[in-house]
Amino acid sequence: MDAALTPLQEELRAQARSFLGTTPEPTWQQLAELGWTGVSVPEELGGAGLGFLEQAMLHEELGRALTPGPFYSTVALALPALPAEDQALVAAGEASWALALGPLVPDLDTVTNVAVAGGDAVYELEGFEREVLDTHDETRPLGVVIGGEAGRRLCSSAVLPEVRRRSLAALALEACGVGSRALELAAAYVGERSQFGRPIGSFQAVAHPLASTYVELELARSLALGAAWAVAVGHERAMVDAAAAKALAAEAAVTACERSIQAHGGIGFTWEHPLQRLYKRALWIRSWEASTEALRAEIATRLLDEGGW
């Protein structure tokens, strides 16, 4: 594994940050025109033909910007379960999907299609109703599907372990983006806010927690990128790497938001400040798919009971 990003990956990340900085709530079609919805779709299907590591750049930046929309549910979760013709529609921005693996379904307010696992296959769900729930994180809505029946068969359920690996890695990357943005806000604020005739960032009680946050986020990002590489190449330890990355990155993001709120003082937890939205997303990521404690228990079981990866 080469730990350095390629020029293409660096360019993709820079493009994403620039675009999302000026267009914080892009439409699905706008993301398709940029090639993001088809970043890992084969070129012959209208996609960019890149891999999960390039897709990782987008997950991190979309998390940093708290971009609403079904990118996570469609590109991270559902895409491996879709036949070629449906992947082509996703790449073109003409379809988006949610994969219902439990009672709560992310991005149910915007997706055009829903898939469901049943028995030994994954099917398109037909004839169902949607109920979008009120959630603390308005940028990542959850809902439940009511009724419906299995329609067209999409693929074998053997794809589900791959889906879970991709999901955990994507969430870890989102968490890194969220935490990094929270740290940026804190660093900017403590450099501008003065007390006793000097910036409050010069006081050790303020500076040291933020320095620790930087170290924790860099470690989490290294793990998340390592997990993305393992997922991309189908490495045998991809599941453990993805679980470890999600567990660490989610905790790092939550801690980064909490320390940033403390550094901001009273303004940090007001509705007008973006920190409260970052904090809600960090908490959502930590609880979604599996808690940190559950992931660590899973990792321990694989490493100790099974004697390896």
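Since the model is a prediction, treat every value here as computed from it, not as a measurement.

Caption draft 1: Representation of the overall build of the protein. Summing up its helical and strand segments, the protein has 10 helices and 7 strands in all. Rg of the C-alpha trace for the protein: 20 Å, near the compact-globule value of 19 Å for 309 residues, within the 12% margin. The C-alpha extent of the protein, read off along each of the three principal axes, is 70 × 45 × 40 Å. Within the protein, the fraction of its 309 residues that count as buried is 49%. Across the protein, every contact between residues at least 6 apart in sequence was considered, and the portion connecting residues at least 24 apart equals 67%. Per element, the accessible surface of the protein, about 13,900 Å² overall, is 54% carbon and sulfur. When the 23 positive and 40 negative side-chain charges of the protein are each reduced to one mean point, those points stand 7 Å apart.

Caption draft 2: Highlighting the sheet that holds strand S4 (residues 121-132). Strand order in the open sheet formed by 5 strands is S1-S3-S4-S5-S2, and the pairing between neighbours is mixed. The outermost strands of the open sheet, each flanked by one partner alone, are strand S1 (97-100) and strand S2 (105-106). For S1 and strand S3 (residues 113-118), the ladder comprises 4 bridges, and the chain directions are parallel. If you follow Trp97 over to S3, its bridge partner there is Asn113.

Caption draft 3: Fine view of unusual backbone geometry. Here Leu66, not a glycine, exhibits a phi torsion of approximately 50 degrees, which is positive. One can find Leu66 in the loop between helix H3 (52-64) and helix H4 (71-78). A positive phi angle, near 75 degrees, is found at Glu289, a position not held by glycine. Summarising the element assignment, Glu289 is placed in the loop between helix H9 (275-287) and helix H10 (292-305).

Caption draft 4: Spotlight on the packing of helix H8 (residues 238-264) against H9. Closest axis-to-axis distance for the H8/H9 pair is 9 Å, and the angle between their directions is 155 degrees. By the criterion of interaxial angle, the relationship of H8 to H9 is roughly antiparallel. Handedness of the H8/H9 crossing: left-handed. Of the residues in H9, those touching H8 at Lys246, Ala250, Glu251, Ala253, Val254, Cys257, Glu258, Ser260, Ile261 and His264 are Leu275, Leu278, Tyr279, Ala282, Leu283, Ile285, Arg286 and Ser287. The residue inventory of the contact of H8 with H9, partitioned by class, reads 11 nonpolar, 3 polar and 4 charged.

Definitions and cut-offs
- Residues numbered from 1 in each chain as written.
- Predicted model: local features only at pLDDT ≥ 70, side-chain atom pairs only at ≥ 80, totals over all residues.
- Heavy atoms only, no water.
- Helix = DSSP H or I, 4+ residues; strand = E, 2+ residues; numbered from the N terminus.
- Rg over C-alpha atoms; globule rule 2.2 N^0.38 Å.
- Buried < 20%, exposed > 50% of the residue type's maximum accessible area, 1.4 Å probe, protein only.
- Contact = heavy atoms within 4.5 Å.
- Areas by Shrake-Rupley, 256 points an atom, 1.4 Å probe, with all protein chains shown as cover.
- Lys, Arg positive; Asp, Glu negative; His and termini not counted.
- Charge placed at Lys NZ, Arg CZ, Asp CG, Glu CD.
- Pairing = 2+ DSSP bridges.
- Axes fitted to C-alpha atoms, helices over the stretch in contact; angles between N-to-C directions.
- Parallel < 35°, antiparallel > 145°, perpendicular 65-115°, else oblique.
- Left-handed = near helix turned anticlockwise from the far one by under 90°.
- Nonpolar A, V, L, I, M, F, W, Y, C, P; charged D, E, K, R; others polar.

These figures come from the coordinates and say nothing about function on their own.
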